[in-house]
Amino acid sequence: MAEFKTIGVLGLGHVGLPTAVGFAELGYQVIGTDSDAKKVETIAQGKSPFYEPELEPLLQKNLAAGRFRVTSDVGEAVRASDILFVCVGTPQRPDGSADLSQVEAVIRTVAENLNGYKLIVEKSTVPVQTAQWIKRTLIRYAGSNATFDVASNPEFLREGTAVHDFFHPDRIVIGVESERAKEWLLELYRPLNAPVVVTDLNTAEIIKHAANSFLALKISFINMVADLCEATGADVVKVAEGIGLDPRIGKHFLQAGVGYGGYCLPKDLKAFIHIAEEHNVDFSLLKEVERINEARVDRFVRKVQKALWVLKDKTLAIWGLAFKPNTDDIREAPSLKIIRRLLDEGANLRLYDPAAMANVRQVFPEDSPRLVYCQSALKAATGAHAILLVTEWDEFKQMDWNWLRQVVALPIVIDGRNCLDPARLQEAGFEYYGMGRPSIAPAQVVGVSSG
Ligand code: UGA
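Rules used throughout
Residues numbered from 1 in each chain as written. Predicted model: local features only at pLDDT ≥ 70, side-chain atom pairs only at ≥ 80, totals over all residues. Heavy atoms only, no water. Helix = DSSP H or I, 4+ residues; strand = E, 2+ residues; numbered from the N terminus. Contact = heavy atoms within 4.5 Å. Buried < 20%, exposed > 50% of the residue type's maximum accessible area, 1.4 Å probe, protein only. Arc of directions from axis to C-beta. Polar contact = N/O pair within 3.5 Å; in protein donor to acceptor, adjacent residues only side chain to side chain. Pairing = 2+ DSSP bridges. Axes fitted to C-alpha atoms, helices over the stretch in contact; angles between N-to-C directions.

Quick notes on the environment of Ala 428
- Turning to its location among the elements, Ala 428 is positioned in the loop between helix H18 (422-427) and strand S14 (431-433).
- In this structure the C-alpha to C-alpha distance between Ala 428 and Ala 210, which are 218 residues apart in sequence, comes to 44 Å.
- Beyond its immediate chain neighbours, meaning those up to four positions away, Ala 428 contacts Trp 401, Asn 402 and Arg 405.

So this is what it looks like as structure tokens:
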């Protein structure tokens, strides 16, 4: 049996907080810490600093049960823990490489507070060979007599389904260099009953970057197929179904649209390209993935222009601002680029998102009538010359299109996520333009490609 008692989680962001609360729910004693004292205070009150379904009740339950506690004193959390999960941010630097300064800073604090053997587990997404640097840094600052192991345990949870993903992982990847580290991590994750891949440190780090890069590659691939479908009158949704049923391809991450965003895929792809270049490996395949993704917003805006001809002084409803549904995260969200482009074209925008409006307001303050934040999808659509669907929240799929037909100025929908049923919209009298599927346009413009 393993001898660890307390788990410390360093960094309470989108990865750290669900991880900490998840371990507590499994019955472990967990202490969480973050250099942002305000964030720690919010969490201590049972509130999540970001929107993540199912997280808050679980946080409150485990705080009340005394299995989870938080402190803004990082050193205290280090001293109190046997296993330390490093979950700090690894943002992007201007050259695309990962900024590891937060990792270094927290490792120095770990070194200063080492009071006996500890297992230090890197969970933040980092470039290959970071664990080696962590080891070197610990020895430099704690001395060569310090007793510790470093492991890599990349996280694969997704925003919006983080709690579910914690309890139902497809796999657990454990990069280790010692038997003790391996045993502790196997023991820790045993209750989840998931397949485990045990490997060395460098391999575990590569697995994480390769996974996110492959997901990005799938999305860019289907987006190019979408463009070809559009040019030839085929339907990319059916193509995705037709190829996705082949288990060698798989049905996930084949939704064509305005492209991928978020804090992970764009940044991790850039970092992977950068690390390949550093090691003289020509991974230009991934540069193409990136280029295709960057072109999606332009393609979408051109589609809006084709549907409406002149955009100046048109009123456009934008449904969905978060980079994907079930989150309030807008980092690298396609919506931000779309808003900028449409404002430049002189359009008036009516924005709605179920969770992300407060965050978007920080980037684009309300400026009536050019930019108006609306309290519902229906209000955003009122008086609009077109509805632009940018994020596929469930509530947009359940709208009453006959009712909407009464409030819009023109019945035009541009579905950037292919998540609406064109036949239903047609019945309600709407024109419909998707991304790589046949359009439903008025009779007089049939034959004009929407591409
Ligand atoms: C991603 C990975 O899916 C997680 O496994 C990983 O743990 C996480 O990054 C991370 O590295 O922390 P996440 O960024 O939460 O998770 O979001 P995804 O569900 O991967 O979606 C990323 C983007 O791709 C979104 O903008 C989404 O709209 C887009 N997407 C996804 C598509 O355009 N098409 C698809 O078929 C799927």
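Some details on helix H10 (residues 236-244)
- Among all positions in H10, only Val 236, Ala 240 and Gly 244 are buried. Buried residues along H10 cover an arc of 70° about the axis, so they all sit on one side. Turned more than 90 degrees away from the buried face of H10, the exposed residues are Lys 238 and Gly 242.
- Among the structural elements, helix H9 (201-232) are those in contact with the buried residues of H10.
- Capping the start of H10, Asp 235 holds a side-chain oxygen 2.9 Å from the backbone nitrogen of Val 237, two or three residues further along.

Things to note about the sheet that holds strand S9 (residues 315-319)
- Pairing in this open sheet of six strands is parallel, and the strands run S11-S10-S9-S12-S13-S14 from one edge to the other. The sheet is open, and its two edges are formed by strand S11 (371-373) and S14, each paired on a single side. Recorded for the sheet is a direction-independent mean angle of 20° between the axes of neighbouring strands.
- In terms of strand pairing, strand S10 (residues 348-352) meets S11 through three bridges, oriented parallel. By the bridge assignment, Leu 351 is partnered in S11 with Tyr 373.

Things to note about the side chain of Asp 268
- Relative to the assigned elements, Asp 268 resides in helix H11 (residues 265-278).
- Take Asp 268: its relative accessible area is 1%, and that puts it in the buried class.
- Among the polar contacts listed, one links the side chain of Asp 268 to the side chain of Lys 267, at a separation of 3.3 Å.
- Each residue touching Asp 268, except ones within four places of it in the same chain, is listed here: Thr 125, Lys 208, His 209, Asn 212 and Ser 213.

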